[in-house]
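Descriptive structure summary
Here is how the chains run, residue by residue.
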2 protein chains.
Amino acid sequence: MESGPPGSSRPTEPGPCLSSQQGADQAASASLQNAAAAQPGRHSLAVAAVLPAGGCGERMGVPTPKQFCPILERPLISYTLQALERVYWIKDIVVAVTGENMEVMKSIIQKYQHKRISLVEAGVTRHRSIFNGLKALAEDQLNCKPSKPEIVIIHDAVRPFVEEDTLLKVVTAAKKHGCSDYDLEFGTECLQLALKYCCTKAKLVEGSPDLWKVTYKRDLYAVESIIKEKISQEICVVTEEDNKYVSHLLEEVLKSELNHVKVASEALCHAGRDLQQIILDQCYNFVCVNVMTSDFQETQKLLSMLEESNLSILYPVVVVSVHFLDFKLVPPSEKMESLMLIREFAKEVKKRNIWLCGLLISYPQDEQKLQESLRQGAIIIASLIKERNSGLIGQLLIA
Amino acid sequence: MESGPPGSSRPTEPGPCLSSQQGADQAASASLQNAAAAQPGRHSLAVAAVLPAGGCGERMGVPTPKQFCPILERPLISYTLQALERVYWIKDIVVAVTGENMEVMKSIIQKYQHKRISLVEAGVTRHRSIFNGLKALAEDQLNCKPSKPEIVIIHDAVRPFVEEDTLLKVVTAAKKHGCSDYDLEFGTECLQLALKYCCTKAKLVEGSPDLWKVTYKRDLYAVESIIKEKISQEICVVTEEDNKYVSHLLEEVLKSELNHVKVASEALCHAGRDLQQIILDQCYNFVCVNVMTSDFQETQKLLSMLEESNLSILYPVVVVSVHFLDFKLVPPSEKMESLMLIREFAKEVKKRNIWLCGLLISYPQDEQKLQESLRQGAIIIASLIKERNSGLIGQLLIA
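In this text the structure is predicted, and so the values were computed from the model without any measurement.

Comments concerning the overall build of chain A
Within chain A, the secondary structure is distributed over 15 helices and 13 strands. Looking at chain A as a whole, 57% of its 399 residues are labelled buried. Counting only contacts in chain A whose residues sit at least 6 apart along the sequence, the fraction spanning at least 24 positions is 76%. Surface summary for chain A: the accessible area is close to 17600 Å², and the carbon and sulfur share equals 50%.

Structure follows, in structure tokens:
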């Protein structure tokens with residue numbers, strides 16, 4: 001374990017940005033603003049991250065190493081990379097993987113469009129893997145390095161929920177206490193080794209409870225549920241101007257049925273400028289209300305927009321195509337044939353990671369009965385969004 | 001913390017059954033047979049359990065104390081009680097709950113038909129709650145006590161996955177090492193207290209990884225997924241004699257699509273004697289193949305049997321009512337009206353915790369196309385069973 005910047009044994013001097021303005025305690029409440037203030041400009045610290053990912057996951061009891069286990073069809077390590085990547089002041093991310101997983105890792109980086117990632121070969125132990133990563137950074141072996149990093153964050157590939165706040169706390173503490181190899185685990189062997197063998201001080205930085213390590217199979221279940229919950233916090237109800245009334249009714253019921261879920265509504269018209277913003281803001285759930293019962297015009301418009309965006313690269317986007325019908329005037333069976341087209345659309349957009357389902361909602365004249373069928377519809381929408389069950393793609397559900 | 005049997009301070013003498021035949025190491029591989037051999041007869045040990053359940057679950061971040069959080073609509077503590085209850089040699093189970101939760105706890109015991117349970121009021125700390133439970137056992141305050149227990153197992157209400165093997169190891173160790181208040185947590189404050197203050201030896205017994213404690217919200221997600229997985233290990237395909245051929249085809253596809261899942265098939269005829277056995281053996285998933293496309297005769301027969309049994313008291317039973325139709329000869333819309341009756345049946349049996357869905361499978365003449373639609377059907381069945389999504393009750397899905 002080396003101290004100071006890789007290649008040097010001297011603890012890093014506190015830089016003008018992080019150290020002069022805030023102590024460790026203040027950094028504890030560090031926000032994006034702090035990071036933004038601390039980083040850009042000429043005094044910015046060069047920060048890199050090394051992810052040891054050479055483990056074989058024996059404790060997991062599954063044949064796939066845990067960092068490659070799929071969560072909503074995407075490997076766990078991709079979530080961890082995503083968490084580090086969105087912290088723009090981490091300039092390089094070095095992942096240490098075994099030779100046999102090198103190609104898998106390359107395809108993950110390509111498929112999920114990860115940036116600023118370099119790969120090195122893992123060592124026989126976790127510490128050797130870390131060493132290989134640090135060495136690559138120190139010797140400038142990797143491409144496109146603007147400068148050697150002053151601080152290197154060591155982060156487990158199987159801790160997907162790391163927050164920018166925590167990373168900033170670690171960097172601040174490293175800057176202040178001169179510990180370059182600073183592990184995000186609390187009091188693990190890494191910290192002990194640093195204290196015992198390195199001519200450096202080490203400081204334990206409190207992480208959030210979300211920072212836990214995926215160790216057992218049950219932890220994969222927990223990760224999946226947490227991710228499903230995270231991407232189900234917002235639903236956008238989309239419609240054409242003509243359909244605003246009924247769409248508004250559905251929106252209101254969704255709001256009352258789904259506590260804690262933000263429900264926005266947007267018109268498809270006006271070239272969908274606001275809708276574009278919602279897509280950019282990463283809303284992964286859409287309820288599209290169609291004007292004609294047996295027509296998919298609005299849904300198709302929305303699907304085109306979603307396909308053009310890159311929204312579904314990281315998470316499956318759920319689209320519920322909603323159709324209203326007065327079951328007393330027209331029996332559902334009459335519209336069934338045309339509504340079954342949903343299966344073809346769904347098959348097509350599934351290739352782009354967009355999960356489409358249909359929902360036919362009864363629209364009786366009676367106000368109370370209408371509320372009841374809207375409530376049923378909201379429960380079904382909530383199920384589809386929260387459970388994100390790929391087996392139901394292309395189904396037409398009835399409320 | 002008292003040592004020896006409650007009310008006494010002398011460590012329990014090794015009894016003739018457990019101590020003479022097996023040491024702690026042998027007990028490590030203890031099975032149901034050991035328990036059976038160790039328990040009945042005149043030399044049986046009197047074993048009881050105390051569950052402290054007075055916590056308020058602050059770390060959980062949810063308003064409900066974690067032991068009362070619902071998993072598949074049933075409170076967590078009921079799963080723990082179920083795990084202890086099925087160990088027949090635990091004669092009494094004492095649960096310590098706060099005064100304000102006393103009525104909730106009583107209704108849980110009644111609703112889920114738990115047996116051999118007594119309630120005491122929790123103390124202000126976990127240790128006081130344990131003490132109250134032990135005191136009640138020692139003073140014979142509880143009804144129907146045949147004799148004071150010689151060994152008392154202290155088990156957290158929020159460790160639902162305890163196995164009989166582990167409990168037997170603990171009892172064996174307690175018998176040998178004379179520690180009566182033996183906590184199943186590994187090296188927690190309980191063990192420290194026992195070592196420090198009690199005139200007794202304490203021995204750490206290795207638990208299984210499943211023995212972990214529900215602490216954070218993510219642990220509830222994990223519990224739910226583990227339970228869903230546990231009750232999805234077996235599917236029974238049910239049909240009438242007339243329909244054996246197509247039912248067999250579906251069964252074969254289910255077997256190949258669902259690895260690790262046991263697929264059995266049973267006829268509804270012959271007064272369903274074998275089916276009764278499957279229900280008794282606690283299979284929670286049924287696929288019922290109906291002979292006539294738009295008729296629910298077989299499904300209704302099965303539902304009656306399930307309603308008569310007590311199978312759905314502890315877990316929701318999923319029933320998929322399967323109907324075949326050649327979509328080329330008869331468009332699905334023609335049968336839709338009669339198939340929509342599924343919603344009424346589903347509403348009715350939901351009251352008994354039976355979750356019914358319909359599945360219409362395309363039955364083309366072409367062999368390859370048939371295989372494809374059967375595969376689609378199997379994927380949908382797998383989704384319904386594994387995800388156990390209550391929002392889809394009464395839906396008619398199409399493969």
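A short note on the relation of the copies chain A and chain B
Each copy of the sequence occupies a distinct position, and chain A is placed on chain B by a rotation of 180° and an axial shift of 0.0 Å, giving an RMSD of 0.0 Å. Seen this way, the second copy is the image of the first under a two-fold rotation axis. A shared interface surface links the copies, since 100% of the contact residues of chain A are contact residues in chain B too.

A closer look at the sheet that holds strand E11 (residues 317-325) of chain A
Residue and element names in this part refer to chain A. Within the open sheet, the six strands sit side by side as E9-E8-E10-E11-E12-E13. Their pairing is parallel. The sheet terminates laterally at strand E9 (262-267) and strand E13 (396-398), the two strands that pair on one side only. On average, adjacent strands in this sheet sit at an angle of 25° to one another, irrespective of strand direction. Relative to E9, strand E8 (residues 234-239) is paired through six bridges, and the arrangement is parallel. Paired with Glu234 across the two strands is Lys262, which belongs to E9. In the packing of helix H14 (residues 342-350) onto the sheet, contacts are made with E11, strand E12 (354-362) and E13, and the angle to E12 comes to roughly 155°. Here helix H15 (residues 367-387) sits on the sheet in contact with E8, strand E10 (285-289), E11, E12 and E13, set at roughly 165° to E12.

Quick notes on the pairing of strand E1 (residues 47-52) of chain A
Here is the key point about a regular strand: its side chains alternate between the two faces of the sheet. Residue and element names in this part refer to chain A. Counting buried residues along E1, six of its six residues qualify, which places the element largely inside the surrounding structure. In this structure, E1 lies alongside strand E6 (residues 151-154), joined through four bridges in parallel fashion. Bridge pairing links Val50 to Ile154 in E6. In terms of strand pairing, E1 meets strand E4 (residues 90-97) through six bridges, oriented parallel. Residue pairing for E4: Val50 is matched across the bridge by Val94.

Rules and cut-offs
- Residues numbered from 1 in each chain as written.
- Chains lettered and ligands numbered in written order.
- Predicted model: local features only at pLDDT ≥ 70, side-chain atom pairs only at ≥ 80, totals over all residues.
- Heavy atoms only, no water.
- Helix = DSSP H or I, 4+ residues; strand = E, 2+ residues; numbered from the N terminus.
- Buried < 20%, exposed > 50% of the residue type's maximum accessible area, 1.4 Å probe, protein only.
- Contact = heavy atoms within 4.5 Å.
- Areas by Shrake-Rupley, 256 points an atom, 1.4 Å probe, with all protein chains shown as cover.
- Least-squares fit on C-alpha atoms with pLDDT ≥ 70 in both.
- Pairing = 2+ DSSP bridges.
- Axes fitted to C-alpha atoms, helices over the stretch in contact; angles between N-to-C directions.

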